[in-house]
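A closer look at the structure
Residues per chain are reported as follows:
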Amino acid sequence: MKNLSFLLGAALALAIPTAALAQNVGVGTTAPTQKLDVNGNLRVRGLSGEGARLPQVLPDGTLGLLDNADSSPTGTAPNQLGSAATGQGPVAVAVNGATAYVVNNGNNTLQTFDVSNPANPVLLNGTSPGAGGGGLNGGTAGTLIGAGPSGVAVRGTTAYVVDADDDILQVFNVGNPAQPTLLNGAARDAGTRTGSSPSAVAVSGTLVYVVNNGSNTLQLFDVSNPASPTLVNNASPMGTRTDSRPAALAVSGSTVYVVNNGSNTLQLFDVSNPAAPRLLNPATAGGTTGGTATGNTPRGVAVSGSTVYVVNDGGRTLQAFDVSNPAAPRLLNPATAGGTTGGTATGNRPAGIALNGSRAYVVNSFSSTLQAFDVSNPAVPFLLNPTTAGGTTGGTATGQEPRAVAVSGTTAYVVNYAANTLQPFRINSLRALGLLADGSLAVADDIITLPGDNLGSHTATRPLNLNGFALTSSSGPVTLTADLSLGSRLLRGTSAVNLGSNLNLGTNQLVGNGGSQGLSIDNAGNAGLGTGTPNAKLDVNGYLRVAGASDAPAAGTVPSVAFLKLTATMPTTAGTQIVLDHGLTVSKILGLQVLVDCGNGNHSPPSFTDNAGELYYAYLNNGRVVLRAGAGSTSTSVLGKTARILITYEQ
């Protein structure tokens, strides 16, 4: 041991002169290129343990291990990446792909920013007041819109803006983000009329949802034709009644969640019938008013699965509600166990909230902070970035008076009303180590490009969790070389699954577990069940069973049915008959229908009477269909004519 210590000391002594000159230290090399250059393997005994594990860099630079269970909330403080000037008084932000959309209440503009590099947001629609339409009252460029914009939502290549002063919904084509184009009007302040003082907007599918702070209403607009949005719930001219002063909304599936800062309530609306939204949690059963009590002056709402999160401006709280029973939302984090009031403390005057996996991000307008909460246990939201370790107050500093936050991937985007800025923050908590080509260690980039299939050529041992990221390929759609098997699991999300584009099956079929026949769709839109070559909008190769859900029919009373079509030529002589073999089991036949072409556009069923007699008879005789012409002159009009026969039979 003494000899080993002596040799190591001698080696270090020989390396010191070189290291002192170059300020690099080499072990096993006389030409170090980094602060510590090891020509060989590196061992850290403090990280020893079972199996192979991945290291990460903690905030202070110390090496640690990635926690697969993500049970430790260390290293999760949002980190500001950059900043960009906006127009005057930005109040809302939405992010879609590599573009951030900001609306400015002070100078009535919509701005689009390229955030492909979040550290350097670049304004796309104008670099001077004249280039992109400019803005009122001076300020940074952008596209002029209606007065008093209060909310923005984006889906695909369309942006939806509500303007509180003009009481309008505006629809913009943002296929080219550098040139947003107003679709539902010609003038900058044109648009579709809303209720009084719209305060927030959301989009899901072909429906846009708007809450109006002045008229206390929820409105649903059909935007399948973006140039002409149509109010769907128009039984009342202003829409569906809410509680006092709705401030924000969130949509998940067929439910809309609205918070009202005048009445301090959370309301849940069933919008499965968009023409008649129905309040699920009224003050009294069957009523149309009231809701679930929140903290003082709720300003923001977000939903994940069966949990709804509300931030209360006046109460300075974050509340989590269990909405698995929509008729009775239950506060999960009350001040006292079992209570209905309270919540988790936030900063001063929380103004907005966004969710990302098990994290909730809250901006506080008066304390100018962005707070990150671990909500993996909604009953105990845990502040991840307090001022002091283990504390319950503080947060990451933002610009002055943040009003809104949006999250996309590993980045949170904050707009600051008084500072007139857009700030991106890195919010991913893991800083994994990566290896450069020369073997140097470095903190890995946000997206680590792995060789091969990106999952490694091995058997996966944990679920694939995309957590908000798209499954994409640089060369086009992702191709699977084998079946994608979900086993007994359902493919579902916290809201409607949005593919973003068509799901193209090609010549393949969507089949069940181990099956070979299923659903096929051809390029004309024909759907086949049990056939790969459908010849109608719905082509079923097999039996069909239809039962009304509300009738609750008894088991065995609703058959699985199929149909057989036959054609024949009626007898040419009155009083004679023809027979056709149908090849079915007689006991399975449920019905027989026949129509005969009588000429002049007339088609007669069996036993139709004309000239004081029946034209023809139709009946089943064991395995045959019998068509018999009437006697004498009564059957003249059907003799020799074409008969069409439909037999309904069960499985």
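These figures come from a predicted structure and were not determined experimentally.

**Regarding the sheet that holds strand S53 (residues 642-650)**
- Judged by pairing direction, the sheet is antiparallel, and its 4 strands sit side by side in the order S45-S53-S47-S48 without closing on themselves. Whereas interior strands pair on both sides, the edge strands pair on one side only; in this sheet they are strand S45 (561-569) and strand S48 (602-604). Put simply, the sheet's adjacent strands are angled 20° from each other on average, direction ignored.
- In terms of strand pairing, S45 meets S53 through 9 bridges, oriented antiparallel. Looking at the pairing, Ala 562 lines up with Tyr 649 of S53.

**Remarks on the pattern of salt bridges**
- Counted by the stated rule, this structure contains 6 salt bridges.
- The partner of Asp 313 in a salt bridge is Arg 299, with the nearest N and O atoms 3.9 Å apart. On the criterion of sequence distance, the pair formed by Asp 313 in the loop between strand S28 (307-312) and strand S29 (317-322) and Arg 299 in strand S27 (residues 298-304) is long-range, its members being 14 residues apart.
- Residue class for Asp 313 comes out buried when judged on its relative accessible area of 10%.
- Given a relative accessible area of 37%, Arg 299 falls into the partly exposed group.
- A salt bridge links Asp 313 to Arg 349, with the nearest nitrogen and oxygen atoms 3.4 Å apart. Here the residue Asp 313 occupies a position in the loop between S28 and S29, and Arg 349 occupies one in the loop between strand S31 (344-345) and strand S32 (350-356), the gap between them amounting to 36 residues.
- Each of Arg 299, Asp 313 and Arg 349 takes part in a single network of salt bridges with overlapping partners.

**As for the nonpolar core**
- Among the nonpolar cores identified, the biggest contains 19 residues, and Met 570, Val 594, Val 596, Tyr 616, Leu 627, Val 638 and Ile 645 are the most heavily contacted of them.
- Secondary-structure elements contributing two or more residues to this core are S45, strand S46 (577-581), strand S47 (589-599), strand S52 (624-629) and S53.
- Ignoring sequence-local partners within four residues, the contact set of Tyr 616 consists of Met 570, Val 594, Leu 595, Val 596, Ser 604, Pro 605, Pro 606, Ser 607, Arg 628, Ala 629, Gly 630 and Val 638.
- Among the nonpolar cores identified, the runner-up in size contains 15 residues, and Val 103, Val 154, Phe 172 and Val 174 belong to it.

**Overview of the sheet that holds S52**
- In space, the 3 strands of this open sheet follow the order S46-S52-S51, with antiparallel pairing throughout. For this open sheet the edge positions go to S46 and strand S51 (616-621), each flanked by a neighbour on one side alone. The mean inter-strand angle of the sheet, taken between neighbouring strand axes irrespective of direction, is 20°.
- Bridging between S46 and S52 involves 5 bridges; their strand directions are antiparallel. Looking across to S52, one finds that Leu 580 is bridged to Val 625.

**A short note on unusual backbone geometry**
- One non-glycine residue, Asn 216, adopts positive backbone phi at about 55°.
- Along the chain, the position of Asn 216 falls in the loop between strand S18 (207-212) and strand S19 (217-222).

**Examining the side chain of Gln 219**
- Along the chain, Gln 219 turns up in strand S19.
- Residue classification places Gln 219 among the buried positions, given a relative accessible area of 1%.
- Of note is the side chain of Gln 219, whose polar atom sits 3.0 Å from the side chain of Asn 212.
- Here Gln 219 is in contact with Thr 194, Gly 195, Val 208, Tyr 209, Val 210, Asn 212, Leu 231, Asn 233, Pro 237, Met 238 and Gly 239, once residues within four sequence places are set aside.

**Describing the side chain of Asp 539**
- Inspection of the secondary structure puts Asp 539 in strand S44 (residues 538-540).
- No salt bridge is formed by the buried Asp 539. Its closest oppositely charged neighbour is Lys 537, at 12 Å.
- A polar contact of 2.9 Å, which involves the side chain of Asp 539, links it to the backbone nitrogen of Asn 535.

Calculation criteria
- Residues numbered from 1 in each chain as written.
- Predicted model: local features only at pLDDT ≥ 70, side-chain atom pairs only at ≥ 80, totals over all residues.
- Heavy atoms only, no water.
- Pairing = 2+ DSSP bridges.
- Helix = DSSP H or I, 4+ residues; strand = E, 2+ residues; numbered from the N terminus.
- Axes fitted to C-alpha atoms, helices over the stretch in contact; angles between N-to-C directions.
- Salt bridge = Lys/Arg side-chain N within 4 Å of Asp/Glu carboxyl O.
- Buried < 20%, exposed > 50% of the residue type's maximum accessible area, 1.4 Å probe, protein only.
- Core = buried A, V, L, I, M, F, W, Y, C linked by side-chain atoms within 4.5 Å.
- Contact = heavy atoms within 4.5 Å.
- Polar contact = N/O pair within 3.5 Å; in protein donor to acceptor, adjacent residues only side chain to side chain.
- Lys, Arg positive; Asp, Glu negative; His and termini not counted.

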